[in-house]
Amino acid sequence: MRRSASARPDLRHSPHLLRPARTESARRPPRRTQESRSRAAREKLLRATLEILQERGYAGLTTKEVAARAGFSNGALMHHFSTKADLVIAAGAHIYERHIAEGRKIAASDMARNDPLKAFIADCENVYLGSSFIPTIEMMVAARSDPLMDAPFDAFMRDYRKTMNEIWMRAFMRAGYSEAEASFTIMSTLYVIRGMAINSIWQKNMPYYRSFLREWVKIEKAGALKSGRVPVR
């Protein structure tokens, strides 16, 4: 029996009928690969490690608590990091990889092209007066007496410093500083801010630090650092 024309669907008023039917597989979000799941798990574990280092210090950190905070079993944590030292070193390397990426971005900014010292100070504030400084100090103290921590901690810190020295030397020299002026300005500013970082452990006062650094910029602009001669290190 033939279907009447009136019984046929009017495609002008039913455009959805023109679309191909979605299969069940098309409706489901794509499954994550094993690699992406592993990367996400590591990120959670490293973030939990840094939080506990901030709160309890290296001595108070346990792999069991890190696993629980990240939402994993201790066995799952051990699949990624076999020891507490491995876990903490990985967290430290993770921080400084991020600092390199952020510092590289600041050094390439318009601010760095116009005023490299102000840009360098902004980068140093992120590193030494930000949330990652206390965890870094905890690692540094632990590495002093733990042979499992000492060499790998030294390796990623040296890599960070060497990389950032190269990045900022280029930024200062691009703005017209001589190599000698750039190196002394970088090192003297770095030591000023590191001193603030140590002070911040017990009496952090960002408004005071920033007012001091504004005066430091004025001193540098007046030419007081031009005769300084020390290499970056």
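Residues numbered from 1 in each chain as written. Predicted model: local features only at pLDDT ≥ 70, side-chain atom pairs only at ≥ 80, totals over all residues. Heavy atoms only, no water.

**Some thoughts on the overall build of the protein**
Alright, step 1. Per the secondary structure count, the protein includes eleven helices and zero strands.
Alright, step 2. Its helices and strands in sequence order give the protein the pattern α-α-α-α-α-α-α-α-α-α-α, from N to C terminus.
Alright, step 3. Per-residue burial for the protein yields a buried fraction of 39% across its 233 residues.
Alright, step 4. The long-range fraction of contacts in the protein, counting pairs at least 24 apart against all pairs at least 6 apart in sequence, stands at 69%.
Alright, step 5. Element-wise, carbon and sulfur atoms account for 55% of the exposed surface of the protein, whose accessible area totals about 14,300 Å². (Helix = DSSP H or I, 4+ residues; strand = E, 2+ residues; numbered from the N terminus. Buried < 20%, exposed > 50% of the residue type's maximum accessible area, 1.4 Å probe, protein only. Contact = heavy atoms within 4.5 Å. Areas by Shrake-Rupley, 256 points an atom, 1.4 Å probe, with all protein chains shown as cover.)

**Considerations on the packing of aromatic side chains**
Alright, step 1. Per the stated rule, a full pass over the model turns up eight aromatic pairs.
Alright, step 2. Between Tyr 96 and Tyr 160 the ring centres are 4.9 Å apart and the planes differ by 70 degrees, which places this aromatic pair in the edge-to-face class. With Tyr 96 in helix H5 (residues 84–107) and Tyr 160 in helix H9 (residues 147–174), this residue pair connects regions lying 64 residues apart in the sequence. The same class applies to Tyr 96 as to Tyr 160, namely buried.
Alright, step 3. Measuring from ring centre to ring centre gives 6.5 Å for Tyr 208 and Tyr 209, while their planes differ by 65 degrees; the resulting arrangement is edge-to-face.
Alright, step 4. Residue classification places Tyr 209 among the buried positions, given a relative accessible area of 3%.
Alright, step 5. Every member of this aromatic cluster is reached through a ring pair, and the members are Tyr 96, Phe 153, Phe 156 and Tyr 160.
Alright, step 6. Seen from the ring of Tyr 58, Lys 84 lies directly overhead, with NZ or CZ sitting 4.2 Å from the centre. (Phe/Tyr/Trp six-rings, centres within 6.5 Å; stacked < 30°, edge-to-face > 60°. Lys NZ or Arg CZ within 6 Å of the ring centre and 35° of its normal.)

**Looking at the side chain of Thr 63**
Alright, step 1. Considering the arrangement of structural elements, one finds Thr 63 in helix H3 (residues 63–70).
Alright, step 2. Under the relative-accessibility criterion, Thr 63 is labelled buried at 13%.
Alright, step 3. Not counting residues up to four positions away in its chain, the partners in contact with Thr 63 are Asn 74, Leu 77, Met 78, Lys 84 and Leu 87.

**As for the confidence of the model for the protein**
Alright, step 1. On average, residues of the protein carry a pLDDT of 89, and 86% of them reach 70 or more.
Alright, step 2. Across residues 1–6, confidence stays below pLDDT 50; counting only partners more than four residues off in sequence or on other chains, it has three contacts. (pLDDT = per-residue confidence, 0-100.)

**Considering a nonpolar patch on the surface**
Alright, step 1. Where nonpolar side chains cluster on the molecular surface, the patch consists of Ile 198, Ile 201 and Trp 202 and spans about 330 Å² of accessible area.
Alright, step 2. Looking at the element boundaries, Ile 201 is found in helix H10 (residues 179–203).
Alright, step 3. Take Ile 201: its relative accessible area is 42%, and that puts it in the partly exposed class. (Patch = residues over 30% accessible without salt bridge, like charges linked within 9 Å, V, L, I, M, F, W, Y side chains within 5 Å. Salt bridge = Lys/Arg side-chain N within 4 Å of Asp/Glu carboxyl O.)

**Let's talk about the nonpolar core**
Alright, step 1. In terms of nonpolar packing, the biggest core is built from 61 residues, with Val 66, Tyr 128, Met 139, Met 149, Trp 168 and Phe 172 touching the most fellow members.
Alright, step 2. With twelve residues, the top contributor of residues to this core is H5. (Core = buried A, V, L, I, M, F, W, Y, C linked by side-chain atoms within 4.5 Å.)

**Digging into the side chain of Glu 125**
Alright, step 1. Relative to the assigned elements, Glu 125 resides in helix H7 (residues 116–128).
Alright, step 2. A relative accessible area of 14% places Glu 125 in the buried class.
Alright, step 3. Each residue touching Glu 125, except ones within four places of it in the same chain, is listed here: Gly 130, Met 206, Arg 210 and Leu 213.

**Regarding the packing of helix H2 (residues 34–56) against H3**
Alright, step 1. It is at 8 Å that the axes of H2 and H3 come closest, and there the two elements cross at 120 degrees. When the axes of H2 and H3 are compared, the pair comes out oblique. Relative to H3, the crossing made by H2 is right-handed. Taking contact as the criterion, the partners of Lys 44, Leu 45, Ala 48, Thr 49, Glu 51, Ile 52, Glu 55 and Arg 56 in H2 are, on H3, Glu 65, Val 66, Ala 67, Arg 69 and Ala 70.
Alright, step 2. Across the contact of H2 with H3, the residue classes tally to six nonpolar, one polar and six charged. (Axes fitted to C-alpha atoms, helices over the stretch in contact; angles between N-to-C directions. Parallel < 35°, antiparallel > 145°, perpendicular 65-115°, else oblique. Left-handed = near helix turned anticlockwise from the far one by under 90°. Nonpolar A, V, L, I, M, F, W, Y, C, P; charged D, E, K, R; others polar.)

**Some words on the packing of H5 against H7**
Alright, step 1. Viewed as axis vectors pointing N to C, H5 and H7 meet at an angle of 160 degrees, and their least axial separation amounts to 10 Å. Between H5 and H7, the interaxial angle falls into the category roughly antiparallel. The way H5 lies across H7 gives a crossing that is right-handed. Every residue of H7 that contacts H5 at Tyr 96, His 99, Gly 103 and Ile 106 is listed here: Ala 119, Asp 123, Asn 126 and Val 127.
Alright, step 2. Of the residues in the contact of H5 with H7, the class split is four nonpolar, three polar and one charged.

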